[in-house]
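# Fold and contact review
Okay, here's what each chain looks like letter by letter:
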Amino acid sequence: MNAEVAADAVSVVRSLATALVASDVSSVAELLAEDVRWGPPDDTPQTCHGKTAVARHCEQLLRSGVVIEVLDIEPGGHLGRDVVVLHLKVAWPADGDVTANGSNVTAQRLGLQVQDGLITDIRDLPADHLIELLFFEGCPNHETFLPRLRALLDDLGIRDPIRTIEVPTEDAARAHRFLGSPSLRIDGKDVEPGAEDRDDYGLQCRLYRTPDGTRGAPANQWVRDALAGHESR
């Protein structure tokens, strides 16, 4: 029975995620219970109560130009058998919310409670770091950097997943603003200092001028600084 409940809840949240990605506000509203609540455990001025208020909040976000990508959907485990965790990558408009490091791309986690096929509660959960490693197939530097990155994150006690993104074509390189393989972005921002000023996108091996000389991968200190939310020097 528990498995059936969890599967039904995941299905409802998957439908919600599809509607959010498509900016389909009416479909979002159809999945909300009349007394749905969105906010932290304790009420704040930003807490939404009721289907109309939550749907209006979603509409304001989506109409503002926010772009949503679904990273994962998983049962909430200890949060409850009727809770599903929705992992999102959210790109805010250039003049919208930004993170502490100046990026307008954030990772967000929502805990959604589902009962009788409708969402009754939405909670903002502590977000993972959004760690993205971009590469092209066959890049030797990517193959050696990935285990080093995993070991570094493990040493720092960070369990956030690494999202690997293959860039297969020149068009894809331009679309991803790909400066070469490997490229590491944390919370939407390239870890190399000054990378945001470059536009030499393409399928190429990337070389880094690190404090230890020219290397085929970012310096560990840049990764640490990015995870800490401040600029490398």
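Let us look at the structure shown here.

The rules behind the values
Residues numbered from 1 in each chain as written. Predicted model: local features only at pLDDT ≥ 70, side-chain atom pairs only at ≥ 80, totals over all residues. Heavy atoms only, no water. Phe/Tyr/Trp six-rings, centres within 6.5 Å; stacked < 30°, edge-to-face > 60°. Helix = DSSP H or I, 4+ residues; strand = E, 2+ residues; numbered from the N terminus. Buried < 20%, exposed > 50% of the residue type's maximum accessible area, 1.4 Å probe, protein only. Expected span 1.5 Å × (residues − 1). Contact = heavy atoms within 4.5 Å. Pairing = 2+ DSSP bridges. Axes fitted to C-alpha atoms, helices over the stretch in contact; angles between N-to-C directions.

## Overview of the packing of aromatic side chains
In the structure shown here, the tally under the stated rule is 1 aromatic pair. When the ring of Tyr208 is compared with that of Trp222, the centres are 6.1 Å apart and the planes differ by 55 degrees; the resulting orientation is tilted. Here Tyr208, found in strand β11 (residues 208–210), pairs with Trp222, found in helix α6 (residues 220–228); they are 14 residues apart in sequence, far enough to count as distant. In this pair, the class of Tyr208 matches that of Trp222, namely buried.

## A short note on helix α4 (residues 140–155)
Working note: α-helix, 3.6 residues per turn, so residues spaced by three or four point in the same direction. Helix length check: α4, at 16 residues, gives a terminal C-alpha distance of 24 Å against a target of 22 Å (1.5 Å per residue), a fit within 8%. What α4 keeps buried is the set His142, Phe145, Leu146, Leu149, Leu152 and Leu153. For α4, the secondary structure elements touched by its buried residues are β7 (131–135), β8 (162–166), β9 (183–186) and α6. Following α4 by one or two positions, Gly157 adopts a phi angle in the positive range, close to 75 degrees.

## A short note on the sheet that holds strand β1 (residues 32–38)
A sheet is described by the order of its strands in space; here 6 strands give the open sequence β2-β1-β6-β5-β4-β3, paired in mixed fashion. Sheet topology places β2 (48–49) and β3 (67–75) at the edges, where each strand pairs with a single neighbour. In terms of strand pairing, β1 meets strand β6 (residues 118–125) through 3 bridges, oriented parallel. Across the sheet, residue Arg37 finds its bridge partner in β6, namely Asp121. Of the strands in this sheet, β1, β2, β3 and β6 touch helix α3 (residues 51–63), which is tilted by about 65 degrees from β1.

## Notes on the pairing of β9
Taking every second residue as pointing to the same face, both faces of β9 are buried, with Ser183 and Arg185 on one and Leu184 and Ile186 on the other. Of the strand pairs in this sheet, β7 and β9 are connected by 4 bridges, and their pairing is antiparallel. Paired with Glu132 across the strands is Arg185, a residue of β9. Across 2 bridges, the pairing between β9 and strand β10 (residues 189–190) is antiparallel. Considered in β10, the bridge of Arg185 is made with Asp190. Hairpin connection of β9 to β10: 2 residues between the antiparallel strands, including Asp187 at a positive phi of 55 degrees.

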